[in-house]
Amino acid sequence: MYVPKTLMLGRCWRCGKRIYRYDDYYVCPKCHAIYCPTCAKKTFYKCPADGTPLEAR
Ligand SMILES: [Zn+2]
Ligand SMILES: [Zn+2]
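Residues numbered from 1 in each chain as written. Chains lettered and ligands numbered in written order. Predicted model: local features only at pLDDT ≥ 70, side-chain atom pairs only at ≥ 80, totals over all residues.

Enquirer: Which residues make up the sheet that holds strand S4 (residues 34-35), and what values do they have?
Expert: The sheet built from three strands is open, its strands ordered S4-S3-S5 with antiparallel pairing. The open sheet has two edge strands with one neighbour each: S4 and strand S5 (55-56). Note: strand S3 (residues 26-27) against S4, two bridges, orientation antiparallel. Counterpart to Tyr26 in the pairing with S4 is Tyr35. (Pairing = 2+ DSSP bridges. Helix = DSSP H or I, 4+ residues; strand = E, 2+ residues; numbered from the N terminus.)

Now the structure itself:
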């Protein structure tokens, strides 16, 4: 399946999973790191780098 690169937002900063625009993901409003739902849950929805609560997107 071909997925346009523009749909990919980046990779989860914790596990490296690819995150696409249409996926559920979490973002740190402070450092703008993005996390997959699995890692967000494992870090108790806080950015592991600075402790800021993650925002669901
Ligand atoms: Zn992850
Ligand atoms: Zn952060």
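Enquirer: Describe the environment of Cys31, listing the residues and the values that go with them.
Expert: With respect to the element layout, Cys31 can be found in the loop between S3 and S4. Here Cys31 falls in the exposed class, since 11 other C-beta atoms lie within 10 Å of it. Between the C-alpha atoms of Cys31 and Ile19, which are 12 residues apart in sequence, the distance is 17 Å. Sequence-distant contacts of Cys31, that is, excluding residues within four places in its chain, are made with Cys47, Ala49 and Asp50. (Buried ≥ 20, exposed ≤ 12 C-beta atoms within 10 Å, placed from the backbone. Contact = placed C-beta atoms within 7 Å.)

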